[in-house]
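Summary of structural features
So the chains spell out like this:
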Amino acid sequence: MNQVGVVSHDAGGAEIISNWVKENPNKYSYNFFLEGPAVSIFKKNISKDLIIFNDMDSFLNKSDFLVCGTSWQSSLEKRFVCEANLRKKKVVSILDHWINYRERFSYNNKINLPSEIWVCDSYALEIAKQTFTNLKIKLITNPYIKSIEDRIAKNKKTLDQNVSTQILYVCEPIREHAKLQHGNENFYGYTEESALEYFLENVNTMKLNFDSIHIRPHPSELQDKYNWALSNFKNFNITIGSQNDLIDDVLSSEIVVGCESMAMAVALVARKRVYTSIPPDGRECVLPHNEIKKIHENRS
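In this report, the structure presented in the accompanying data block is examined. (Residues numbered from 1 in each chain as written. Predicted model: local features only at pLDDT ≥ 70, side-chain atom pairs only at ≥ 80, totals over all residues. Heavy atoms only, no water.)

**Looking at the overall build of the chain**
Put simply, the test is: Elements are defined by DSSP. Helices are runs of H or I of four residues or more, strands are runs of E of two residues or more, and each kind is numbered from the N terminus. Only the C-alpha atoms count toward the radius of gyration. The rule for a globule is 2.2 Å times the residue count to the power 0.38. The rule is simple: take the accessible area with a 1.4 Å probe, protein chains only, and divide by the maximum for that residue type; under 20% is buried, over 50% is exposed, in between is partly exposed. The contact rule is simple, with two residues in contact once any of their heavy atoms fall within 4.5 Å. This count recognises Lys and Arg as positive and Asp and Glu as negative, with His and chain-terminal groups excluded. For the purpose of locating charges, the reference atoms are NZ of Lys, CZ of Arg, CG of Asp and CD of Glu.
In terms of regular secondary structure, the chain is built from 12 helices and 14 strands. Relative to the compact-globule value of 19 Å for 300 residues, the chain shows a C-alpha radius of gyration of 20 Å, a close match. Residue burial in the chain is summarised as follows: out of 300 residues, 53% are buried. Here the analysis covers contacts within the chain between residues at least 6 apart in sequence; of these, 66% occur between residues at least 24 apart. Within the chain, one finds 36 positive and 37 negative side-chain charges whose respective centroids are separated by 5 Å.

This is the structure in structure tokens:
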């Protein structure tokens, strides 16, 4: 049986790859090299007793080929793609978003491409084909989205009864991304703080019925990062935290708001109303889903 080396750091890719492993438990034997948010996600989806390698050389020696995420917060997967290429091992990279495709493979000022790229929807397939003209690109069914659809179908009656008039606000570290890639925290015309503030200042002008707002920090952010909203917007019933599974938070809310987080695409699968909180002066939301609405276009 082939030994597959799984390399993952960021949350989006970790959800996809861990659910892919879960779907194929007996097809391969798996080795795991995980860091960051991926550790808790893999333990949640596969096993809390998961054995995780911490030595690159022994991990690569035991793995016939690699399946990697594509992080922007970490160089972990980039290092493994580079080393796998040097050792002439096959490496598959999974794209979990719709932006910065070439940058996801930039390491030491050089583009190091994998043997093959997997994408999970037709939007990503088209972008990837335009970006990587001479690389094998495969469209797969998104195992993370499929797990959500299966869960909704299995528990529809209970889920319908437990939906509250809550707005879920999903955060992401935009400043860090902009500074890392462009050297300017405000490169996109907004930050995570200005977007959340814009939303809270304008939510009462929208045609929404809600009684509470739950702010969910990104897995890479500190839990108290947005505590300023509690004192600055006391007129709202605001809670903050990411202790619950993302899907639980999405399914228990009527409306989901964020900038351009993958969690917003997840919310669309769950048939929630989704809004982007990017202020009018910021760049356009890069998510390719036409169902996502803009706050300034939905005021009463």
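Next comes the rest of the account.
**Considerations on the layout of surface pockets**
This is how it is decided: Definitions used for this entry: grid spacing 1 Å over protein atoms alone; cavity, a set of points where a 1.4 Å probe fits but cannot get out; pocket, an open set with protein on both sides within 12 Å along at least 5 of 7 lines; lining residue, one with an atom within 4 Å of a point. Grid points are joined across faces, edges and corners, and a volume is the space filled by probe spheres set on the points. Under the convention adopted here, Pro, Cys and the residues Ala, Val, Leu, Ile, Met, Phe, Trp and Tyr are nonpolar, Asp, Glu, Lys and Arg are charged, and Gly plus all remaining residues are polar.
One number sums up the size of the largest pocket: a volume of about 830 Å³. In this structure, the largest pocket is lined by 42 residues; those nearest its centre are Ala11, Gly12, His218, Pro219 and Ser261. Elements represented by at least two residues in the lining of the largest pocket include exactly helix H1 (11-23), helix H2 (38-45), helix H8 (174-182) and helix H12 (262-269). It is H1 that contributes the most residues to the lining of the largest pocket, four residues altogether. When its residues are assigned to classes, the lining of the largest pocket shows 18 nonpolar, 14 polar and 10 charged.

**Some points on the side chain of Arg104**
What counts here: The definition of a polar contact used here is a pair of N or O atoms within 3.5 Å, where within protein one atom must be able to donate a hydrogen and the other to accept one, and adjacent residues in sequence count solely through side-chain atom pairs.
Counting through the fold element by element, Arg104 comes out in the loop between strand E4 (90-94) and strand E5 (106-107). At 2.6 Å, the side chain of Arg104 forms a polar contact with the backbone oxygen of Thr70. Setting aside residues up to four positions removed in sequence, Arg104 forms contacts with Thr70, Lys78, Leu95, Asp96, His97 and Ile99.

**Digging into empty space enclosed by the protein**
A complete count under the given rule lists one cavity of 30 Å³ or more for this structure. The calculated volume of the largest cavity comes to roughly 60 Å³. Looking at the largest cavity, the residues that line it are Gly69, Thr70, Ser71, Glu77, Lys78, Val81, Ser93, Arg104, Phe105 and Asn112. Ranked by residues supplied to the lining of the largest cavity, first place goes to helix H4 (residues 76-86) with three residues.

**Points about the pairing of strand E12 (residues 255-258)**
The criterion, for reference: For two strands to pair, DSSP has to find at least two bridges joining them. When the strands point away from the viewer, a crossover counts as right-handed if the route from the first strand across the helix to the second turns clockwise.
Side chains of E12 alternate between two faces, with Ile255 and Val257 and Val256 and Gly258 buried alike. Relative to E12, strand E9 (residues 166-170) runs parallel, the two being bridged by four bridges. When the bridges of E12 are listed, Ile167 appears paired with Ile255. Pairing of E12 with strand E13 (residues 273-276) involves four bridges; the strand directions are parallel. Within E13, the residue paired with Val256 across the bridge is Val274. Once you follow E12 into H12 and on to E13, the crossover reads as right-handed.

**A short note on the sheet that holds E9**
Note the cut-off: Whenever a helix is involved, its axis is fitted only over the stretch in contact; in every case the axis is a line through C-alpha atoms, and angles between N-to-C directions fall within 0 to 180 degrees.
In space, the six strands of this open sheet follow the order E11-E10-E9-E12-E13-E14, with parallel pairing throughout. The open sheet terminates on both sides in strands that have one partner only, identified here as strand E11 (238-240) and strand E14 (293-294). Across three bridges, the pairing between strand E10 (residues 212-216) and E11 is parallel. Bridged to Ile213 within E11 is Ile238. Across the face of the sheet, helix H9 (residues 192-202) comes into contact with E9, E10, E11 and E12 while running at roughly 160 degrees to E9.

**Notes on the pattern of salt bridges**
Put simply, the rule is: Salt bridge, as used here, is a side-chain nitrogen of Lys or Arg placed within 4 Å of a carboxyl oxygen of Asp or Glu.
Evaluation of the coordinates by the stated rule reveals 18 salt bridges. Put simply, Glu116 and Lys136 hold a salt bridge, and the shortest N to O gap is 3.9 Å. One end of the pair, Glu116, is in strand E7 (residues 116-119); the other, Lys136, is in strand E8 (residues 136-139), with 20 residues separating them in the sequence. On the basis of relative accessibility, which here comes to 5%, the residue Glu116 falls in the buried class. Of the residues examined, Lys136 reaches a relative accessible area of 53% and is grouped as exposed. Here Glu260 ties to Arg283 by a salt bridge, and the two come within 2.4 Å at their closest N and O atoms. Highlighted residues: Glu260 in the loop between E12 and H12 and Arg283 in the loop between E13 and E14, separated in sequence by 23 residues. Residue classification places Glu260 among the buried residues on the basis of a relative accessible area of 4%. By relative accessible area, which is 26% here, Arg283 ends up partly exposed. Connected through shared salt-bridge partners, Arg175, Glu185, Glu192, Glu193, Glu221 and Lys225 make up one network.

**Some words on the packing of H1 against helix H6 (residues 143-154)**
Short version of the rule: An angle counts as roughly parallel when it lies under 35 degrees, as roughly antiparallel when it exceeds 145, as roughly perpendicular when it falls between 65 and 115, and as oblique in every other case.
Axis separation between H1 and H6 bottoms out at 7 Å; the angle between their running directions is 70 degrees. By the angle class used here, H1 and H6 are roughly perpendicular. On H6, the residues touching Glu15, Ile16, Asn19, Trp20 and Glu23 of H1 are Pro143, Tyr144, Lys146 and Ser147. Grouping the constituent residues of the contact of H1 with H6 by class yields four nonpolar, two polar and three charged.

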